[in-house]
Amino acid sequence: MAAQTISKFTRTAVDLPEENPSERVGNLMPAEGDDGLFTQSWFPICLSSEVEKGQVRGEAFLDGKVIVFRGDDGVARVMSAYCPHVGADLSIGAVVGNQIQCAFHKWEYGGDGACVKTAIGDPAPEKARLFKFPTKEQYGVVWAFNGDAPDFDIPNFEYDDDHLAIRVFRFPELLNCDPWVFAANTPDMQHFKVVHKTEFATEDPHDSVTWDDHGFRYQVIAAHQQGVPIEWTVGIRGTSIFWQEGPYGDFWIGGMVGFGLPRPGKHELFAVLALEKGDGSPESKALLEQRFETAEMLMTRTIGEDIDILNTIKYRPGTLTAGDRTLGKFLQYLRRFPRAHPSSAFIK
Ligand code: FES
Ligand SMILES: [Fe+2]
């Protein structure tokens, strides 16, 4: 799908310190890949529909390569891509039962990543194992956690899955910045007003933002473009999942965007739209279709309004103002966010 073209943003004057007018204000934020580490967050890897039972595919992740395969048991697993024998790429291998078989010498690896057999009968070496990422499938996306064990969950919408109709999109173009840069738009209340033309019905809700160790949420009560009333809960989990839910005019929309991390300085958008599916009658199906069109327009328009800025920004907190209180707190949260790279020896 094509992102909308957006108007160019305007450069405003910057208050530079007098002593050294050439110096940019502010400190750089820690970037993904700095010191070989990445934030310990859930990242989208591919769509569920892109890996059917018995299939394997390769994906770029954390500046390396991983495979996603789905065995007979229907479970999707994300593992390092290179065979520990002599390094063949397992994305051209085959799924055998619930195991992945290397295309080269036909060694097989089980669901936990350990080599379970060689083709010629040599015993499987104990050291021959793949890195197995904690993997989850939710809302039509396969997610992997950068770490040995996840320390938070992917968010759920307020309605159960069987009440919802879900559509999911994988955007074809990579964005030219780390995932957290897009995530930093959610606490950026100034940007909601001026980039997305949202008129808050209340004082800026800085004081009602709920924080925990792995994210935050708050409620936006506002008039969106064309005066459409919204009452959305918006939030970020980890460094790489945006979600929102609540009424848009007369119907409820759930939205989630996972920011994939193929390599430092880039990210990939996986977007989920959820609507109440109704009773299945022809009228409710027609209404659902119409609402999906609106929700998709809203998603495309919103991302379109952000995209040129995200593709060109050199992010650093310089001169923040009172309206940036929640953004400033989020940038502190990002600086402290746990980083690791346990798969580093496996995925390159
Ligand atoms: S390289 Fe995979 S089995 Fe030899
Ligand atoms: Fe935005």
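Computed from a predicted structure; not experimentally measured.

## Some words on the overall build of the protein chain
When its secondary structure is counted, the protein chain shows four helices and 21 strands. Counting only C-alpha atoms and orienting by the principal axes, one finds that the protein chain spans roughly 70 × 70 × 35 Å. Counting the 348 residues in the protein chain, one finds 35% classified as buried.

## Topic: the confidence of the model for the protein chain
With 94% of its residues at a pLDDT of 70 or more, the protein chain has an overall mean of 94. Taken together, the stretch residues 1-14 has pLDDT below 50 and engages in 17 contacts with residues farther than four places along the chain or on a different chain.

## A short note on the nonpolar core
If you look at the biggest cluster of nonpolar residues, it comprises 68 residues, and the most contacted ones within it are Ile 45, Val 66, Ile 67, Val 68, Val 142 and Ala 144. With seven residues, strand β20 (residues 268-276) is the largest single contributor of residues to this core. The residue makeup of this core includes at least three contributed by each of domain 1 (34-145) and domain 2 (161-337). Excluding residues within four positions of it along the chain, Val 66 makes contact with Ile 45, Glu 59, Phe 61, Val 78, Met 79, Ser 80, Ala 81, Phe 133, Ala 144 and Ile 347.

## Structural notes on the sheet that holds strand β7 (residues 99-101)
Strands sit in the order β6-β7-β8-β9 across an open sheet of four strands; the sheet is antiparallel. One side of each edge strand has no neighbouring strand; the edge strands of this open sheet are β6 (94-96) and β9 (115-117). Taken together, the two bridges between strand β8 (residues 108-109) and β9 define a ladder with antiparallel strand orientation. Bridged to Tyr 109 within β9 is Cys 115.

## Some words on the sheet that holds strand β3 (residues 56-61)
Strands sit in the order β3-β4-β5-β10 across an open sheet of four strands; the sheet is antiparallel. With one partner strand each, in any of the chains shown, β3 and β10 (132-133) form the two edges of the open sheet.

## Observations concerning the pairing of strand β12 (residues 141-145)
The element β12 is largely enclosed, with a buried count of five among its five residues. Residues Val 141, Trp 143 and Phe 145 point to one face of β12 and Val 142 and Ala 144 to the other, with burial holding for every one of them. Two elements, strand β2 (residues 42-47) and β12, share five bridges in a ladder whose sense is antiparallel. Bridging across to β12, Pro 44 finds its partner in Trp 143.

## Details of the domain arrangement of the protein chain
For the protein chain, the assigned domains read domain 1 (34-145) and domain 2 (161-337). If you look at the interface, domain 1 gives 16 residues, while domain 2 gives 18 residues. Tallying contributions element by element places β2 first for the side of domain 1 that touches domain 2, with five residues. The residue makeup of the side of domain 1 that touches domain 2, split by class, is twelve nonpolar, three polar and one charged.

## So, helix α3 (residues 282-312)
An α-helix turns once every 3.6 residues. As a result, residues three or four positions apart point the same way. Between the first and last C-alpha of α3 there are 46 Å, a value that for 31 residues agrees with the 45 Å anticipated at 1.5 Å per step. Bending of α3 peaks at approximately 35 degrees at the position of Asp 306. All of the buried residues in α3 are Arg 291, Met 299, Thr 302, Ile 303, Glu 305 and Ile 307. Where α3 is buried, its residues meet β19 (251-260) and β20.

## Some words on the environment of Pro 125
Mapped onto the secondary structure, Pro 125 falls in the loop between β9 and β10. In this structure, the C-alpha to C-alpha distance between Pro 125 and Ala 114, residues eleven residues apart in sequence, is 9.1 Å.

## Quick look at helix α4 (residues 325-336)
Taking 1.5 Å of rise per residue, twelve residues should cover 16 Å, and α4 covers 17 Å from first to last C-alpha, within 8% of that figure. Those residues of α4 not exposed but buried are Thr 326, Leu 327, Phe 330 and Leu 331. Considered in projection along α4, the buried side chains sweep an arc of 140 degrees and stay on one side of the axis. Facing away from the buried surface of α4 by more than 90 degrees, the exposed residues are Gln 332, Arg 335 and Arg 336. Buried-residue contacts for α4 involve α2 (189-194).

## Some details on unusual backbone geometry
A positive phi is found at Lys 197, a non-glycine position, where the angle reads about 50 degrees. As for its placement among the helices and strands, Lys 197 is situated in the loop between α2 and β14 (199-200). For Lys 197, a count of 13 C-beta atoms within 10 Å gives the class partly exposed. Unusually for a residue other than glycine, Gln 226 sits at a positive phi of about 60 degrees. Residue position: Gln 226 is located in the loop between β16 (215-223) and β17 (229-237).

## Some points on the environment of Val 220
Position of Val 220 relative to the elements: it lies in strand β16. Each C-alpha atom, one on Val 220 and one on Ile 230, is 7.3 Å from the other, the two residues being ten residues apart in sequence. The contact partners of Val 220, leaving out residues within four places of it in the chain, are Phe 192, Phe 200, Ile 230, Trp 232 and Val 234.

## Some words on the pairing of strand β5 (residues 76-80)
Counting buried positions along β5 gives five out of five residues, so the element sits mostly inside the fold. In the sheet, strand β4 (residues 64-70) pairs with β5 via five bridges, with the strands oriented antiparallel. Directly across from Ile 67, in β5, lies its bridge partner Met 79. Hairpin connection between β4 and β5: a loop of five residues separates the two successive antiparallel strands, and Gly 74 in this loop has a positive phi of roughly 85 degrees. As paired elements, β5 and β10 share two bridges and run antiparallel to each other. Paired with Met 79 across the bridge in β10 is Lys 132.

What counts as what
- Residues numbered from 1 in each chain as written.
- Chains lettered and ligands numbered in written order.
- Predicted model: local features only at pLDDT ≥ 70, side-chain atom pairs only at ≥ 80, totals over all residues.
- Helix = DSSP H or I, 4+ residues; strand = E, 2+ residues; numbered from the N terminus.
- Buried ≥ 20, exposed ≤ 12 C-beta atoms within 10 Å, placed from the backbone.
- pLDDT = per-residue confidence, 0-100.
- Contact = placed C-beta atoms within 7 Å.
- Core = buried A, V, L, I, M, F, W, Y, C linked by C-beta atoms within 7 Å.
- Domains from an automatic or database assignment.
- Pairing = 2+ DSSP bridges.
- Nonpolar A, V, L, I, M, F, W, Y, C, P; charged D, E, K, R; others polar.
- Expected span 1.5 Å × (residues − 1).
- Bend = angle between axes of the 7 residues up to and from the residue.
- Arc of directions from axis to C-beta.

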